[in-house]
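# Observations on the three-dimensional arrangement
Here is how the chains run, residue by residue.
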Amino acid sequence: MRSYIEETGFFAGHDPRDLLKTYGSPLYVYNEKIVRSNLRRLKGLITKYPYRTNYSMKANSNLALLRIAREEGLNCDAMSEGEIRLLLKAGFTPDRIFFVPNNVSEEELKFAVANGVMTSLDSIDQLERYGRIAPGSKCAVRLNPGVGAGHHKKVVTAGKNTKFAITDDQLDEMFRVADRYDLKIVGINQHIGSLFMDPEPFLSAVSNLIQMAKRFGKLDFIDFGGGYGVPYHKVSEDEKPFDFDSFEKKFEKLLDEAVEELGYVPLFKTEPGRFAFCEAGVLLGTVHAVKYNAGKKYAGTDIGMNILTRPTLYGSWHDIEVIHDGTVTTDDPQQITVTGNICESGDIIADSRTLPKIVTDDIVCVLDAGAYGYAMASNYNQRLRPAEVLITLDGGVKVIRRRDTYEDLFRNMDV
Ligand code: LLP
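Let us look at the structure shown here. The residue count restarts for each chain, going from 1 along the sequence in the order it is written. With the structure being a predicted model, the display of local features is reserved for residues of pLDDT at least 70 and the display and counting of side-chain atom pairs for 80 or more, all residues being used for whole-chain, interface and lining totals. Heavy atoms from the whole structure form the basis of all side-chain values; hydrogens and water molecules are not counted.

Under the scheme used here, helices are H or I runs from DSSP no shorter than 4 residues and strands are E runs no shorter than 2 residues, and both carry numbers assigned from the N terminus. Assignment of secondary structure puts Leu254 in helix α10 (residues 244-262). Taking C-alpha positions, Leu254 is 9.1 Å from Ile210, a pair spaced 44 residues apart along the chain. Contacts: residue pairs with any heavy atoms within 4.5 Å of one another. Contact partners of Leu254, with chain neighbours within four places excluded, come to Leu203, Val206 and Ser207.

Given below as structure tokens:
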């Protein structure tokens, strides 16, 4: 079995035991070198045409990491007022933020308008609400290209079975509403879903969106959304990374056709979230108990479903490396179910997984935890959310979010 953390020198020589001792267990650890290299990969995706990458900050909204994304020259999309506020705090100017909300209040839309943030409306109702707030202004609309894709039905966001976006047959009505409020639709966007390793659905959605673009006047930008996949089985099955090189060629060819069909060159954008930080983050936790039930071995850790929700919510797979006495072990493989410390039987990180022998006080290192990890964490069971640390380029360790305290937990109830 490969070891991702050894191959990448993930901890830059730091002993994971020391990290946990200093910053508490569990702990999210990010590697700045990997972060920057992934951001650069995304930024340079298309070079032939005017192109921008919007980092979709819902995947990881740590302020220090957002600042790195800003330094690397990415723009961002935001889903809520809170995300816009955080991006402004991270130093993004409003022209580098694209607000892509769903079912938002008048107040939230007003906040975006007051801050000069370009906004996309994803239903005719929301467009009308926006028109009442900011008649005569510029905006964008989110369209449903009819094709969806994703690792789980809960994250497929286009096609027939979704709450998102405006469909082809609603365009006439949409244009009427836009005219009524003298809105200038300067951009269109889509997001078909999260995590594809096979780019075909994304590429056919690109074609479909281009066809829909013909219904509009000259657009300033066309945004094709995110979804680039990450190989979550790279250690266990040697899964290969998303093939950006072949994707780029096919994507660029479609953009050639788009430019020809449209007769102008808009700014093209994509909107990846996961790819930016997923592999740059791991989650360390401690094994506090090993036990058997009906012959099944359980390794009970402090990584509850509140710390990493994805396995419970989607049945998602995360490769796990086991650290024994400070080093990665591959000894004595056996079937083990790795669980957390939350009061639910579904609190499982890995079910009946072949893993090296685990004993109490070992450390488990959950890979690919940098996206939709901390971002989806909660205080369920009144557990503290962990600290986040960054292994910096010079090999130092920087705390980029402190661990919750019990005061943090109770503050809002002190009323
Ligand atoms: N743009 C929009 C409008 C989105 O809603 C999303 C993700 C993205 C871009 C970025 O997609 P990505 O490149 O990260 O696939 N919690 C789930 C993923 C939810 C994705 C939500 N939207 C998970 O853990 O797999």
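Read on for the rest.
What follows deals with helix α3 (residues 32-43). By this rule the span expected of a helix is its residue count minus one, scaled by 1.5 Å. Taking 1.5 Å of rise per residue, 12 residues should cover 16 Å, and α3 covers 16 Å from first to last C-alpha, within 8% of that figure. A 3.5 Å cut-off defines polar contacts: any pair of N or O atoms within that distance qualifies, except that in protein one atom must be a possible hydrogen donor and the other a possible acceptor, and neighbouring residues in sequence count only when both atoms are side-chain atoms. Measuring from the side-chain oxygen of the N-cap residue of α3 to the backbone nitrogen of Lys33 gives 2.9 Å; that N-cap residue is Asn31.

Our next topic: the packing of aromatic side chains. Whether two aromatic rings pair depends on their centres lying within 6.5 Å, for rings of Phe, Tyr and Trp, where Trp uses its six-membered ring; planes under 30 degrees apart make the pair stacked, over 60 edge-to-face, and the rest tilted. This model, assessed by the stated rule, comprises 25 aromatic pairs. Where Phe175 meets Phe216, the ring centres are 4.9 Å apart and the plane angle is 65 degrees; that geometry is what we call edge-to-face. One end of the pair, Phe175, is in helix α8 (residues 171-180); the other, Phe216, is in the loop between α9 (200-213) and β8 (221-223), and 41 residues separate them in sequence. Overall, Phe216 belongs to the buried group, its relative accessible area being 9%. With a centroid separation of 4.8 Å and 80 degrees between ring planes, the pair formed by Phe244 and Phe275 is classed as edge-to-face. With Phe244 in helix α10 and Phe275 in helix α11 (residues 274-277), this pair connects stretches of sequence that are 31 residues apart. Of the residues examined, Phe244 reaches a relative accessible area of 5% and is grouped as buried. Think of it in three bands: residues with accessible area under 20% of the maximum for their type are buried, residues over 50% are exposed, and the middle band is partly exposed, with areas taken using a 1.4 Å probe on protein chains only. Residue Phe275 is classed as buried on the basis of its relative accessible area, which comes to 9%. One aromatic cluster in this structure is built from Tyr49, Phe196, Phe202, Phe224, Tyr228, Phe242, Phe244, Phe247, Phe251, Phe268 and Phe275. Whether a charge lies above a ring is judged from NZ of Lys or CZ of Arg, which has to be within 6 Å of the ring centre and within 35 degrees of the ring normal. One residue, Lys269, lies across the ring of Phe98, its end atom 5.1 Å from the ring centre. In this structure, Arg353 packs its charged tip against the face of Trp317, placed 3.4 Å from the ring centre.

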